[in-house]
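# Structural features, examined
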Amino acid sequence: MNVIFLGPPGSGKGTQAKHIQDHYGLKQLSTGDMLREQVAKQTDLGLQAKRIMDEGGLVPDQMIIAMIRSKLEQAENQKGVILDGFPRTLGQAEALDSMLQELGKALHAVIELQVDDELIVRRLSERYSCASCGEGYNRTSRNPVKSGVCDRCGSTEFSVRDDDKPETIRKRLSAYHAQTAPLLPFYKQKGILSPLNGMGTIEEVCKGIDSILKVK
Ligand code: AMP
């Protein structure tokens, strides 16, 4: 089964993908994580992408498509993938259709996580993560059990994403509305779009996703 998680930044795509992937044996493919890996390694792609990411814009389609193509090919023998943060433009969606066709695969569901803009701004400006293992936290709703110590790996170093600054969050939201929201009618027309309220607790949203995927 191949699934897309669609929604604005901070709508919970990454968090939900991590929960769902184990349950269904699917592989999470996050283009944001792939780009951050390239930035950390200081590759040419990473250096080019970082400027755009820091400004809250979208990395050009050709770069993203080439990057995801190789990951899709590597995942060919998996039970399926959860695409998290891809596609983000109509060009990427059309390229995805062709890549899946070449691989003889289908797209089974597009889950749209619906979250109001005000909540997005609040969520993103409150989030931080462990600098060592990447475990995600939120200043209001989820701090480590032992203050200042990561629940997962015990590290005491934490960091905030460069693009989670308030002015960049607004730009990322504008990019979502202008360039990614047009994918909603595109997938609705194909009959595979499932909208879901993404404003509940992590467990509630997870249950909602589960009930959509169970019947696919
Ligand atoms: P994310 O972690 O998914 O919020 O992605 C972080 C940033 O990486 C985005 O704000 C974009 O600058 C860039 N990015 C991630 N995925 C894509 C994509 N599919 N197309 C263009 N840019 C992307």
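Shown above is the structure to which this text applies.
Residues numbered from 1 in each chain as written. Predicted model: local features only at pLDDT ≥ 70, side-chain atom pairs only at ≥ 80, totals over all residues. Heavy atoms only, no water.

For the rest of this paragraph, the subject is the layout of surface pockets. What the second largest pocket holds in volume is close to 190 Å³. For the lining of the second largest pocket, the elements supplying multiple residues, two or more each, are strand E2 (27-30), helix H2 (31-41) and helix H4 (61-74). Broken down by element, the residue count for the lining of the second largest pocket peaks at four residues, all from E2. For the lining of the second largest pocket, the class distribution of residues is three nonpolar, four polar and four charged. (1 Å grid on protein atoms, 1.4 Å probe; cavity = no way out; pocket = protein on both sides within 12 Å on 5 of 7 lines; lining within 4 Å. Points joined across faces, edges and corners; volume = space filled by probe spheres on them. Helix = DSSP H or I, 4+ residues; strand = E, 2+ residues; numbered from the N terminus. Nonpolar A, V, L, I, M, F, W, Y, C, P; charged D, E, K, R; others polar.)

A word on the sheet that holds strand E4 (residues 109-114). Strands sit in the order E2-E3-E1-E4-E8 across an open sheet of five strands; the sheet is parallel. Sheet topology places E2 and strand E8 (193-197) at the edges, where each strand pairs with a single neighbour. Averaged over all pairs of adjacent strands, the angle between their axes in this sheet comes to 20°, without regard to strand direction. Two strands pair when backbone bridges link them, and E2 and strand E3 (residues 81-84) are joined in this way by four bridges, in the parallel orientation. Following the sheet pairing, Gln28 is matched in E3 by Ile82. Docked against the sheet, helix H1 (residues 13-24) engages strand E1 (3-6), E2, E3 and E4, running at close to 170° with respect to E3. (Pairing = 2+ DSSP bridges. Axes fitted to C-alpha atoms, helices over the stretch in contact; angles between N-to-C directions. Contact = heavy atoms within 4.5 Å.)

On inspection of all chains with the given rule, the structure shows two cavities of 30 Å³ or more. Approximately 70 Å³ is the volume attributed to the largest cavity. Lining the largest cavity we find Asn2, Leu72, Ala75, Glu76, Gln78, Gly80, Val81, Leu100, Leu103 and Lys105. In terms of residue class, the lining of the largest cavity is built from five nonpolar, three polar and two charged. Its volume calculated, the second largest cavity comes out at about 50 Å³. Lining the second largest cavity are Phe5, Leu6, Gly7, Lys13, Gly85, Phe86, Pro87, Arg88, Tyr176 and Thr180. Elements with a minimum of two residues in the lining of the second largest cavity: E1 and helix H7 (166-180). Taken together, the residues of the lining of the second largest cavity sort by class into five nonpolar, three polar and two charged.

Another point: helix H6 (residues 117-126). Residues Leu119, Ile120, Val121, Leu124 and Glu126 constitute the buried set of H6. Elements that come into contact with the buried residues of H6 comprise strand E5 (127-130), strand E6 (136-138) and H7. (Buried < 20%, exposed > 50% of the residue type's maximum accessible area, 1.4 Å probe, protein only.)

With that out of the way, let us pick up the site of the ligand. Taken together, 16 residues are adjacent to the ligand, and Thr31, Arg36, Gly57, Gly85 and Gln92 come closest. Gly57 places a polar main-chain atom, nitrogen or oxygen, 2.6 Å from an oxygen atom of the ligand. A distance of 3.3 Å is found between an oxygen atom of the ligand and a side-chain nitrogen or oxygen belonging to Arg161. When the ligand is considered free in solution it has 480 Å² of accessible area, and contact with the protein chains removes 96% of it. Residue composition of the shell around the ligand, grouped by class: six nonpolar, five polar and five charged. (Near = heavy atom within 4 Å. Polar contact = N/O pair within 3.5 Å; in protein donor to acceptor, adjacent residues only side chain to side chain. Areas by Shrake-Rupley, 256 points an atom, 1.4 Å probe, with all protein chains shown as cover.)

It is worth spelling out helix H9 (residues 202-214) at this point. The terminal C-alpha atoms of H9, which comprises 13 residues, lie 18 Å apart, in line with the 18 Å expected from a rise of 1.5 Å per residue. Among the residues of H9, Val205, Cys206, Gly208, Ile209, Asp210, Ile212 and Leu213 are the ones counted as buried. Where H9 is buried, its residues meet E1, H1, E4 and E8. (Expected span 1.5 Å × (residues − 1).)

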